[in-house]
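Here is what each chain is made of, one letter per residue.
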Amino acid sequence: MSNYFGSAVPYLLIGVIVYLIFRALIWIMYYRGQMRVPILHEAGFLLLAFWLLTLFSSSVTPTLEFSIKPTFPGTDLIPVKGMIDLASAQGFGAVLGAVFKFVPLGFLIPFLFRRYRHFTKVLALCGGIALFIEIFQLFLQTVDCRLDDVILALLGTFIGYFLFCLLCRYFREAERMGTVKRSRRHSVPFPVRMELEFLVLLMLLCVIGRGTQLEAARVREVKAAQEKQAAEEAAAAQAAAEAEAQRLAEEEAKKLKTSESMPELSIEAGAACLFSIDDDLILYEKNGTEQVTPASTTKLMTALTVLRYCSLDETMTAGEEINLISEGASTASLKVGTSGKVETFLGAMLVPSGNDAAYALANYTGHKILGNDEASVADAIEAFMGAVGDMAAELNLENSNFETPDGDQSDGQYTTARDMVRIARACMENEAIMRLCGASTYRALFDNMDVTYRNTNLLIQPSDDNYYEGATGMKTGSYNDVKCLVASAEIGGKRYVAAVMEDSDAGRYTDAKTLFDYVAGEAGADTASVDTSGETSGEGESAEE
């Protein structure tokens, strides 16, 4: 019943105002007609007004989603069935509540109005109200119309009238306690004679009027909420579209632009890529996206990762990790306990391609990444290679995976000529890496060892037949008979990178020279135009290693 009485709260103010105005007018007529109004009549009339307001606000208010189209499918005209359905759905208390709604009307109407002392009149009035409610509910979307509600209303009216009769039987004065005493010298004005009917009509109009206002406000709020939601969805869709466009633009920007026309060059390497750093353009490519063996060119990624976490002047010491290198691998002649600056170890890794220096750097950097000096060598190396993977993602490597810091081959380690160009491009932005890679010899001053290394890259050895004027670095690689070279050069004031993979020992230098000679021959000319459609190549991508 709390919900029943609570439904009247939004209508109380308008109900009180209308009631006071109505009672004021009626009281004027009472006064002119010299009628005596008992206090019980006024109290009972007020209670009757409140009860009618509550009854209508819970059953015929437009806030229950009024519709011009009647909802016949929700109508139940089978007697008793509606009561059973109501009891099974909401409990037997709901049936008693439907009866109780009309008990006060059956009691108050005959108590306040002498002309409604006949049971048939009371039953007709209350039954008419109940029938009107059920007809009105045909147009309410959230309420089911049931014939049993009329029957329950008549039952409640009978109970109320029975209680009134019972009161009058044992207390005869009750018949006169609530009725107005009229003067025989004056006729009763029509509004006074019909004040009950006026009260029913006014309370009904209050509920319908206020309900219409509330429903209109609700509809406006729903519409505003829908418009707001639509605007938010549109804004979200636009933001998503803009984000997608930005993502596509970023993806497009990450791609290496390719020359529309490429020269016919005699290249022995299985895969090769010539890239102009300053023009941001691939000038030549052969199987640039096929998986190849990176070998010691992996050390370029190791160097980039080390310098992400370490400064050049930090002091470190080689440990047992240097014994992880493969038998016969190239070394920098380090021993357990060799100590020196990070820069010195980088020189020992990049110049003579020392695998032991690569592991020493990976172990030292891995402990820094973990923030735990007590971590095992295996955990430190694993952490370092995880950082190498992060670096690969930042460099937008598309088809590379590095599993060892020295490039010693494993089944899951691979790269492409294009990805090696991306790595070389990042290295060329690092002054320390280029200084070390570009040195024909490097004197490594460890704390307990002084050794001079010779660069394995013969392009920068003036005394070698493979020397190339303008070469600036950068790293060789070797795995059994498979050789590779990532070379950099400055020609005609511009910087170039050549990645020569899956080659022979002599062929990697010959191929690198061929690529750089092509650039030198085209220096000063417009060598290529940019294909703005993205990163395309005449060579297909292969899954073979």
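All of these numbers come straight from a predicted model, not from anything done at the bench.

Calculation rules
- Residues numbered from 1 in each chain as written.
- Predicted model: local features only at pLDDT ≥ 70, side-chain atom pairs only at ≥ 80, totals over all residues.
- Heavy atoms only, no water.
- Patch = residues over 30% accessible without salt bridge, like charges linked within 9 Å, V, L, I, M, F, W, Y side chains within 5 Å.
- Areas by Shrake-Rupley, 256 points an atom, 1.4 Å probe, with all protein chains shown as cover.
- Salt bridge = Lys/Arg side-chain N within 4 Å of Asp/Glu carboxyl O.
- Helix = DSSP H or I, 4+ residues; strand = E, 2+ residues; numbered from the N terminus.
- Buried < 20%, exposed > 50% of the residue type's maximum accessible area, 1.4 Å probe, protein only.
- Pairing = 2+ DSSP bridges.
- Phe/Tyr/Trp six-rings, centres within 6.5 Å; stacked < 30°, edge-to-face > 60°.
- pLDDT = per-residue confidence, 0-100.
- Contact = heavy atoms within 4.5 Å.

### A word on a nonpolar patch on the surface
Point 1. Side chains of Leu 155, Phe 158, Ile 159, Phe 162, Leu 163, Leu 166 and Tyr 170 sit close together on the surface and give an oily, nonpolar patch of about 670 Å² of accessible area.
Point 2. Secondary-structure assignment places Phe 158 in helix α8 (residues 147-170).

### Regarding the pairing of strand β6 (residues 441-445)
Point 1. Burial along β6 is one-sided: the residues Tyr 442 and Ala 444 are buried and none of Thr 441, Arg 443 and Leu 445 is.
Point 2. Across 5 bridges, the pairing between β6 and strand β7 (residues 450-454) is antiparallel. For Ala 444, the partnering residue across the bridge sits in β7 and is Val 451.
Point 3. A loop of 4 residues connects β6 with β7, the two strands running antiparallel in sequence.

### Concerning the packing of aromatic side chains
Point 1. The tally for this structure, following the rule as stated, stands at 18 aromatic pairs.
Point 2. With a centroid separation of 6.3 Å and 50° between ring planes, the pair formed by Tyr 161 and Phe 164 is classed as tilted. Of this pair, Tyr 161 and Phe 164 both sit in helix α8, 3 residues apart, which is roughly one turn of the helix.
Point 3. Judged by its relative accessible area of 3%, Phe 164 is buried.
Point 4. The structure contains a cluster of three or more aromatic residues connected by ring pairs, namely Phe 107, Phe 111, Phe 119, Phe 158, Tyr 161, Phe 162 and Phe 164.

### Remarks on the sheet that holds strand β2 (residues 271-276)
Point 1. The 6 strands lie next to each other as β1-β3-β2-β10-β9-β8, forming an open sheet whose pairing is mixed. Pairing within the sheet leaves two strands with one partner each, and these edge strands are β1 (257-258) and β8 (471-479).
Point 2. Alignment of β2 against strand β10 (residues 494-503), held across 6 bridges, turns out to be antiparallel. Residue Leu 274 lies in a different strand from β10, and its bridge partner there is Ala 498.

### Quick look at the confidence of the model for the protein
Atomic detail in the predicted coordinates should be set aside for any region of low pLDDT.
Point 1. With 92% of its residues at a pLDDT of at least 70, the protein reaches an overall mean of 88.
Point 2. The low-confidence segment residues 524-545, where pLDDT is below 50, has 50 contacts with residues more than four positions distant or belonging to other chains.

### What about the environment of Glu 374?
Point 1. Its location among the elements puts Glu 374 in the loop between α14 (355-370) and α15 (377-394).
Point 2. Spatially, the C-alpha atom of Glu 374 lies 42 Å from that of Asp 503, the residues being 129 residues apart in sequence.

### Structural notes on the pattern of salt bridges
Point 1. Summed over the entire model, instances satisfying the criterion amount to 20 salt bridges.
Point 2. The shortest N-O distance in the salt bridge between Glu 215 and Arg 218 comes to 2.6 Å. Pair noted here: Glu 215 and Arg 218 are both in helix α11 (residues 195-254), with a separation of 3 residues, about one helical turn.
Point 3. Glu 215 sits in the buried class, given a relative accessible area of 11%.
Point 4. Each of the salt bridges in this network shares a partner with another, and the network as a whole consists of Arg 23, Glu 42 and Glu 195.

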